[in-house]
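Architecture and fold: a report
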Amino acid sequence: MDEPAQRARWSRRSMLAGAAAGLVSPLVVNGSAAPFSVEASAQARGKLRQVTIYAEPVEGGLVGYGLGPGQATIPGPLLEIYEGDTLEIELVNNTDQRLSIHPHGVDYDTASDGSPLNASFNEPGETRTYTWRTRTARKAGGFWIPGSAGFWHYHDHAMGDHGTTGIARGLYGGLIVRKVGDPLPDKQFTVVFNEMSINNKMAPDTPMFEANHGQRVEFVCIGHGNQLHTFHLHAHRWADTRTGLLGSGDDVHTRAIDNKDLNPGDSFGFQVVAGDGVGPGVWMYHCHVQFHADGGMVGLFLVRNSDGSMPAGAQEAIDRFHAHQHETAQQQSSSTHAGHR
Amino acid sequence: MDEPAQRARWSRRSMLAGAAAGLVSPLVVNGSAAPFSVEASAQARGKLRQVTIYAEPVEGGLVGYGLGPGQATIPGPLLEIYEGDTLEIELVNNTDQRLSIHPHGVDYDTASDGSPLNASFNEPGETRTYTWRTRTARKAGGFWIPGSAGFWHYHDHAMGDHGTTGIARGLYGGLIVRKVGDPLPDKQFTVVFNEMSINNKMAPDTPMFEANHGQRVEFVCIGHGNQLHTFHLHAHRWADTRTGLLGSGDDVHTRAIDNKDLNPGDSFGFQVVAGDGVGPGVWMYHCHVQFHADGGMVGLFLVRNSDGSMPAGAQEAIDRFHAHQHETAQQQSSSTHAGHR
Amino acid sequence: MDEPAQRARWSRRSMLAGAAAGLVSPLVVNGSAAPFSVEASAQARGKLRQVTIYAEPVEGGLVGYGLGPGQATIPGPLLEIYEGDTLEIELVNNTDQRLSIHPHGVDYDTASDGSPLNASFNEPGETRTYTWRTRTARKAGGFWIPGSAGFWHYHDHAMGDHGTTGIARGLYGGLIVRKVGDPLPDKQFTVVFNEMSINNKMAPDTPMFEANHGQRVEFVCIGHGNQLHTFHLHAHRWADTRTGLLGSGDDVHTRAIDNKDLNPGDSFGFQVVAGDGVGPGVWMYHCHVQFHADGGMVGLFLVRNSDGSMPAGAQEAIDRFHAHQHETAQQQSSSTHAGHR
């Protein structure tokens, strides 16, 4: 792989160093804090960034992407760049099946398409480089063509001709392309509604996201599989825009939402202030398709007190979720489902 | 329940009085005119409003919310407030099952969450107060966080852990939070695509909404259950914005629509002028999923002449709908469905 | 049919003449170039336009709309007018079943509704005229009501009470209503996700759309049937607006997308520059519901070199698509599906 000296190389080490220097925004991988991030300063734009990703087996017959050998998670690492950056991904296939990495929202040539159609994949054991480019909006013929900014995602497109097997097993993750000036969050959570699971987990094993009251949190929501899904978060709402925020108080015609369709291949992101106007506590996020919620597509968003302590009643709610909710939901779902068919 | 003298209490009586005084906008409950409404004047903002809602059995094994004992309807009453208002709901459970009321779009603390997770529900026979707060947009860190305005909804979240049974039986309704200055409609209709029904009815028993040619009508559309739905209204279209209207004639990039996804937990509202540019007559509204329309997810929007008289051909169309359409649809659906499987 | 001399009559002949004179934008019917179009000049607005459409059997038990006897295609001709125009369609029913033509987005009275409810259909062998009107946005009560511009569609609404049989067999097509000043494309493609097919075809028989690198292409996407669908195009993205473009570079809150829900009755359109930023090559477009892609809802977008020559590797990709992909997909789908149930 070509690697000129001026290229900034992403690595676990440099990320940690950056974080320590206060130059990076903290990112979250699979619900737990992780040091993978980028500089937010304007002069960092337009850089070539590089990362090595390892596709590896994960316990339970699953497969995940990770930033180092033995570090695969489901979802994979949340990748974050700025409009203008180029991201070069060295993908190492440590499985015994053909696979790839296919992004949404960014520019790539056919060799980086990640599809068998374009012979763009890694054979078992093979290492291959995929290049993703981004750019800002530009004028063309009196109108503007949008830039690359968005809450996107990446996934396998070659284990199965369209990645069906790879996605089902966990080969997916979030990809954020920011505009310079976008507000940076204190916390980030990736929520993937994949078939009948959240991040390939079902309640009560779904991720519990945590933040302190008043922290700015960012949800990156991704849909996969074959089912209809709608993402609902209790007690928080956001604008149905690129960022979940508004440009001015005069945006009277923009819809605010707290429930949004999240179907296969869809993705969106938004920022909210944890517990804003509603206080700390344990809040549900879930698929609003009733049988999906009953079947386990429910997770918790724990908003702690602003000093990080547990709010009154929160532990009891968490205990209820772990002790009783899932079992009841399972039983109800199977009996209701039987009656429905 | 704490009830200071200065609180404006919502009641059937005060609503009627208000309507007579011309201070209120007429609202519609379940397709028929109802006197439940609020003052539209700016000085009414920021008030604490109170309402008592009764959850009660409804004929046919259903359950509904109502504004008084024996008044339960499906959907429940259309609740309407302004950004800045607080709504305190005293919910009386006149059924023999656990249930609650859970809103979308507004602010509430965990005690008003309406979920078993937060032990927020009414036991059979119990009365419990739920408090919903609202607010306007505000600036935070260079961006704006949206206010509470929207076409929202409320539903049970405790008959079944996620309200699956309660919703299936009819425990749902519309909730409008307006911005000051929003245009008020002459008529309002609530349309809930709940599983394979409209408002738990199937054609030809679905609601026939009525307005005179030229009246401004507002549709509040809500999705529930487990199925994919798309709401289509014949001969009328609206902007895909918070209100269905545009801020200026220069909104050239806003999409106009006449068909919109309406999946579980989704809601939207819009205003159109009845028969605008197309004249009076009987217009269909229906789910555009073909087997759903064939199976009975079809209703009528009768636009009368501007003087309230019946337009030519309208009665014949209504008669066709009642006499033939449903039977044919049922037969076709079952035979087509068989062929499809 | 009333036909004053001043009416501009649409015909295959006049379209060809117009195209030769450089007055028209080239349109595409069913993936192949066709001469059906309109003048783009501002003085052409507000005209009454007329077209005769023939509904006829198509090989394989299908039915299509066409611009002349024996010319039926699936989808039918892409109709294009400007806000302010009226389109009068003389529909000839050359089949032995009742059918109609029902549009989305435009104005029509009950006689042109296309529904059995309003007795608006063609008996077998019958010719009937349907009139569609359009208009620009206008102010009403401090707000604006949107005009007719949009990427709409038309379909049968009478073969089966709601057109279920007619749509399943191919009676559908695209309808564009433009605003004056909208950028015109070099190429247009209509993509209809109809039940488990694209334009009633499955891979590898789905349309291969072609353009040269740098040409402005327009996709018109329509959903039909009973299934959940999401449209994904590789290596190209667009703004989630009426046109896929932005009004200014300051539209920082508008979402860019490359995957969009396309459910029954939905439609949207967008323009992209072929191969922009990614180069020529063979790019997939497909339903992102995994089993739908595996089952054949995949097509190709061939971006040739700017001189029209084939890019390196393109023929090999096309050959792979035709030789192997479908068979593999079919096998995988059936086995995976079995495992899923």
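As a reminder, the structure under discussion sits directly above these lines.
Bear in mind the structure is a predicted one, so any value in this text is a computation, not a measurement. (Residues numbered from 1 in each chain as written. Chains lettered and ligands numbered in written order. Predicted model: local features only at pLDDT ≥ 70, side-chain atom pairs only at ≥ 80, totals over all residues. Heavy atoms only, no water.)

This next bit is on the overall build of chain A. A tally of helices and strands in chain A yields 4 helices and 24 strands. Within the span of chain A, comprising 341 residues, buried residues form 64% of the whole. With an accessible surface of roughly 10,900 Å², chain A has 49% of that area assigned to carbon and sulfur atoms. (Helix = DSSP H or I, 4+ residues; strand = E, 2+ residues; numbered from the N terminus. Buried < 20%, exposed > 50% of the residue type's maximum accessible area, 1.4 Å probe, protein only. Areas by Shrake-Rupley, 256 points an atom, 1.4 Å probe, with all protein chains shown as cover.)

Turning our eyes to something else, we now look at the relation of the copies chain C and chain A. Here two copies of a chain appear, and what relates them is a rotation about an axis with a shift along it. Once turned by 120° and shifted 0.0 Å along the axis, chain C lies on chain A with an RMSD of 0.0 Å. Both copies are brought into coincidence by an operation consistent with a three-fold rotation axis. In terms of proximity to the rotation axis, the leading residue of chain C is Leu228 of chain C, whose C-alpha is 3.9 Å off the axis. Taken as a fraction of all interface residues of chain C, those also at the interface in chain A reach only 15%, which identifies the copy contact as different-surface. (Least-squares fit on C-alpha atoms with pLDDT ≥ 70 in both. Contact = heavy atoms within 4.5 Å.)

Here we take up unusual backbone geometry. With the exception of glycine, the majority of residues adopt a negative phi angle, and the majority of peptide bonds are in the trans configuration. Here the residue pair Ile74 of chain C and Pro75 of chain C is connected by a cis peptide bond, since its omega of 0° sits within 30 degrees of zero. Along the polypeptide, Pro75 of chain C turns up in the loop between β5 (62-66) and β6 (79-82). With an omega dihedral of 5°, the bond running from Ala203 of chain C to Pro204 of chain C counts as a cis peptide bond. If you trace the backbone, Pro204 of chain C turns up in the loop between β15 (197-198) and β16 (208-212). Here Glu195 of chain B, not a glycine, exhibits a phi torsion of approximately 55°, which is positive. Structurally, the position occupied by Glu195 of chain B is in the loop between β14 (187-194) and β15 (197-198). What makes Glu195 of chain B buried here is its relative accessible area of 17%. A positive phi angle is found at Asn200 of chain B, which is not glycine, with a value near 60°.

On to the pairing of strand β13 (residues 172-178) of chain C. Residue and element names in this part refer to chain C. Of all 7 residues that make up β13, 7 are buried, and the element is covered over most of its length. Here β13 shows two buried faces, one formed by Tyr172, Gly174, Ile176 and Arg178 and the other by Gly173, Leu175 and Val177. Pairing between β6 and β13: 4 bridges, direction parallel. Paired with Ile81 across the bridge in β13 is Val177. Relative to β13, strand β12 (residues 150-155) is paired through 6 bridges, and the arrangement is antiparallel. Looking at the pairing, Phe151 lines up with Ile176 of β13. (Pairing = 2+ DSSP bridges.)

Right, let's get into the interface of chain B and chain C. Chain B puts 54 residues into the contact, and the matching count from chain C is 58 residues. Summed over both partners, the interface of chain B with chain C buries about 4,400 Å², with 52% contributed by carbon and sulfur atoms. For chain B, the biggest contributors to the area lost against chain C are Arg237, His253 and Arg255 of chain B; these three give 18% of the whole. Where chain B packs against chain C, one counts 4 salt bridges. Close ionic contact of Arg237 of chain B with Asp107 of chain C constitutes a salt bridge, the shortest N to O distance being 2.9 Å. Run the count over chain B and chain C and you get 38 residue pairs in polar contact (both at pLDDT 80 or more). (Buried area = accessible area lost by both parts, 1.4 Å probe. Salt bridge = Lys/Arg side-chain N within 4 Å of Asp/Glu carboxyl O. Polar contact = N/O pair within 3.5 Å; in protein donor to acceptor, adjacent residues only side chain to side chain.)

Residues and elements named next belong to chain A. Here Tyr130 is to be found in strand β9 (residues 127-133). Placed 22 residues apart in sequence, Tyr130 and Tyr108 show a C-alpha to C-alpha distance of 8.1 Å. When near neighbours in sequence (up to four residues on either side) are disregarded, Tyr130 contacts Leu87, Glu88, Ile89, Leu91, Leu99, Ser100, Ile101, Ser112, Gly114, Ser120, Phe121 and Asn122. Among the polar contacts listed, one links the side chain of Tyr130 to the side chain of Asn122, at a separation of 2.7 Å.

Another point: the relation of the copies chain B and chain C. Its rotation angle being 120°, the transformation that places chain B on chain C also includes 0.0 Å of axial translation and leaves an RMSD of 0.0 Å. When you check the interface residues of chain B against chain C, a mere 15% turn up at the interface there too, and the two sides of the contact use different surfaces.

Turning our attention to the sheet that holds strand β18 (residues 230-233) of chain A. Residue and element names in this part refer to chain A. Pairing in this open sheet of 5 strands is mixed, and the strands run β16-β24-β23-β18-β21 from one edge to the other. Looking at strand neighbours, the two that pair on one side only are β16 (208-212) and β21 (259-261), the edges of this open sheet. The average undirected angle you get between the axes of adjacent strands in this sheet is 15°. The pairing of strand β23 (residues 281-287) with strand β24 (residues 298-304) spans 6 bridges and is antiparallel. Bridging from a neighbouring strand, Met284 pairs with Leu300 of β24. (Axes fitted to C-alpha atoms, helices over the stretch in contact; angles between N-to-C directions.)

Moving on: the pattern of salt bridges. Going through the model one piece at a time under the given rule, you end up with 36 salt bridges over all chains. With its nearest N and O atoms 3.3 Å apart, the salt bridge here joins Arg135 of chain C to Asp276 of chain B. Taken together, the residues Arg135 of chain C in the loop between β9 (127-133) and β10 (138-140) and Asp276 of chain B in the loop between β22 (267-273) and β23 (281-287) connect one chain to another. Like Arg135 of chain C, the residue Asp276 of chain B is buried in the burial classification. Salt-bridge contacts for Arg49 of chain C lead to Asp85 of chain C; the nearest nitrogen and oxygen are separated by 3.2 Å. A residue pair is termed long-range when its members are at least 10 positions apart, and Arg49 of chain C in strand β4 (residues 48-58) and Asp85 of chain C in the loop between β6 and β7 (86-93) qualify at 36 residues. In this structure, a network of salt bridges that share partners links the residues Asp107, Arg135 and Arg138 of chain A together with Arg237 and Asp276 of chain C.

Let us look at the interface of chain C and chain A. Listed per partner, the contact involves 54 residues of chain C and 58 residues of chain A. Across the chain C/chain A interface, buried area totals approximately 4,400 Å², and carbon plus sulfur atoms make up 52% of it. Considering only the surface of chain C that becomes buried against chain A, Arg237, His253 and Arg255 of chain C emerge as the three largest contributors, covering 18% of it. Connecting chain C to chain A are 4 salt bridges. Our count for the contact surface shared by chain C and chain A stands at 37 residue pairs in polar contact (both at pLDDT 80 or more). Elements that contribute at least two residues to the side of chain C that touches chain A include exactly β18 (230-233), β19 (238-239), β20 (256-257), β21 (259-261), β23 (281-287), α3 (290-294), β24 (298-304) and α4 (314-340) of chain C. When residues in the side of chain C that touches chain A are grouped by element, the largest group, 8 residues, is from α4 of chain C. Counted by class, the side of chain C that touches chain A contains 25 nonpolar, 20 polar and 9 charged residues. (Nonpolar A, V, L, I, M, F, W, Y, C, P; charged D, E, K, R; others polar.)

Residues and elements named next belong to chain C. Relative to the assigned elements, Tyr154 resides in strand β12. Between the C-alpha atom of Tyr154 and that of Phe231, which follows or precedes it by 77 residues, the distance is 19 Å. Leave out the neighbours within four places in its chain, and Tyr154 touches Tyr65, Gly76, Pro77, Leu79, Ile101, His102, Pro103, Trp132, Tyr172, Gly173, Gly174 and Leu175. A distance of 2.6 Å separates a polar side-chain atom of Tyr154 from the backbone oxygen of Pro77.

This brings us to the pairing of strand β12 (residues 150-155) of chain B. Residues and elements named next belong to chain B. In terms of burial, β12 is a largely internal element, 6 of the 6 residues being buried. By the alternation rule, side chains of β12 split into Gly150, Trp152 and Tyr154 and Phe151, His153 and His155, which are all buried. As paired strands, strand β8 (residues 102-103) and β12 are joined by 2 bridges and run antiparallel to one another. By the bridge assignment, His102 is partnered in β12 with His155.

Ordered in space as β6-β13-β12-β8 (chain C), the 4 strands form an open sheet in which the pairing is mixed. The sheet is open, and its two borders are formed by β6 and β8 (102-103) of chain C, each paired with just one other strand.

Here we take up the side chain of Gln271 of chain B. Within the secondary structure layout, Gln271 of chain B lies in strand β22. Apart from the residues within four sequence positions on either side, Gln271 of chain B is in contact with Arg178, Pro183, Leu184, Pro185, Arg216, Val217, Glu218, Thr243, Gly244 and Leu245 of chain B.

Residues and elements named next belong to chain C. As for its placement among the helices and strands, Gly275 is situated in the loop between β22 (267-273) and β23. Residue Gly275 is classed as buried on the basis of its relative accessible area of 0%. Taking the C-alpha atoms as reference points, Gly275 and Ala158, separated by 117 residues in sequence, lie 41 Å from one another. In contact with Gly275, other than residues within four places in its own chain, are His213, His236 and Val303.

Residues and elements named next belong to chain B. On inspection of all chains with the given rule, the structure shows 57 aromatic pairs over all chains. An angle of 25° between the planes, with centres 4.6 Å apart, marks the rings of Phe189 and Phe209 as stacked. You can see Phe189 sitting in strand β14 and its partner Phe209 sitting in strand β16 (residues 208-212), a full 20 residues away along the chain. Summarising the burial analysis for this pair, Phe189 and Phe209 share the class buried. Ring centres 6.3 Å apart and planes at 20° place the aromatic pair Phe268 and Phe270 in the stacked group. The ring of Tyr130 carries Arg128 above its face, with NZ or CZ at 5.7 Å from the centroid. (Phe/Tyr/Trp six-rings, centres within 6.5 Å; stacked < 30°, edge-to-face > 60°. Lys NZ or Arg CZ within 6 Å of the ring centre and 35° of its normal.)

Without other data, these values stay purely geometric and don't point to any function.
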